[in-house]
2 protein chains.
Amino acid sequence: MIFDNTVPIYIQIMKLIKKDIILGKLELGAKVLSTREYAQELKVNPNTMVRVFNELEREGITFTKRGVGTFITESKEKVESMKKEMAEDIIRNFIDGMLELGFEFSDMIDLIKHRLEKEVVQ
Amino acid sequence: MIFDNTVPIYIQIMKLIKKDIILGKLELGAKVLSTREYAQELKVNPNTMVRVFNELEREGITFTKRGVGTFITESKEKVESMKKEMAEDIIRNFIDGMLELGFEFSDMIDLIKHRLEKEVVQ
DNA sequence: ACTAGTGTACTATATACATATAACACTAGT
DNA sequence: ACTAGTGTTATATGTATATAGTACACTAGT
């Protein structure tokens, strides 16, 4: 795992875990690695993982049983709304960013299509 | 100007100035506000503006004449490549982000089109 | 009861960022 | 020469982030 040093590591790990949930790599209700295990796995300080899980719990994504472990929420709805929220953010960033650079709506569609064609070829 | 506290202010101001150049609000070769004026305008510390201009100069976007002021590059090519770079970044973030959430290429086009229709109506 | 594996909490240190404040150096216009 | 307006440099302070290290509290299995 390589981190972008312009964004706090705990934020990046939060996104990583959210994506793992969305993609089904982490199942609903499943126990995740302990803070210490995750810290070792991601080569990060245990305290950073504590922060990650505190924030995720605050958002209702995970819950913890003291002395037992940390678990993914059981709520399918929560995961769905999380996915939708993350997608909305990405779409918004794209459109707003392109508008701010002076691109028109038609440019956006063209650029995306053009880029996707390239990707498919690869 | 409202700043997003998850990103360093000097980075946000750099983007702001780059956008102003791209949109022609700041002309090639033009003298920009002094660090002190910009600081007052954006309600930011003068040292933060010093950092902004140091970084922009390092990127070849601006140049300074000591005791005189700070100026936008004369190079049209520089501005063009900067715009292209910023657009590429935005497009890349969009595609990578959506792929990581499990969306297909066709989903992306649909979502963008759908969102753009909404925007136009507004 | 004991123990291993959890989460929790705390202190200390280092770095980046942003601010506040002040002083210095250069340039252009008077 | 002087002065106002530049950029430049420096010290100090506060906050957020990340790390290192330690200790405590709870739970489940033995």
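Overview of the structure. Only a predicted model underlies this, so the values are computations on that prediction, with no experimental measurement involved.

**With respect to the protein's contact with DNA strand C**
Surveying the vicinity of DNA strand C reveals 24 residues, the closest of which are Ile9, Asn47, Thr48, Arg51 and Arg66 of chain B. For DNA strand C, the fraction of protein-proximal atoms (within 4 Å) that sit in sugar or phosphate groups is 64%. Between a phosphate oxygen of DNA strand C and a main-chain N or O atom of Asn45 of chain B, the distance comes to 3.0 Å. Asn47 of chain B is positioned with one of its side-chain polar atoms (N or O) 2.8 Å from a base nitrogen of DNA strand C. Secondary structure elements with two or more residues in the surface near DNA strand C: α2 (35–42), α3 (46–58) and β2 (69–72) of chain A together with α1 (9–22) and α3 (46–58) of chain B. When grouped by side-chain class, the residues that make up the surface near DNA strand C number seven nonpolar, 11 polar and six charged.

**Re the environment of Leu16 of chain B**
Residues and elements named next belong to chain B. Residue position: Leu16 is located in helix α1. The partly exposed category is assigned to Leu16, whose relative accessible area is 23%. Excluding anything up to four places from it in sequence, Leu16 contacts Met1 and Leu42.

The rules behind the values
Residues numbered from 1 in each chain as written. Chains lettered and ligands numbered in written order. Predicted model: local features only at pLDDT ≥ 70, side-chain atom pairs only at ≥ 80, totals over all residues. Heavy atoms only, no water. Near = heavy atom within 4 Å. Polar contact = N/O pair within 3.5 Å; in protein donor to acceptor, adjacent residues only side chain to side chain. Helix = DSSP H or I, 4+ residues; strand = E, 2+ residues; numbered from the N terminus. Nonpolar A, V, L, I, M, F, W, Y, C, P; charged D, E, K, R; others polar. Buried < 20%, exposed > 50% of the residue type's maximum accessible area, 1.4 Å probe, protein only. Contact = heavy atoms within 4.5 Å.

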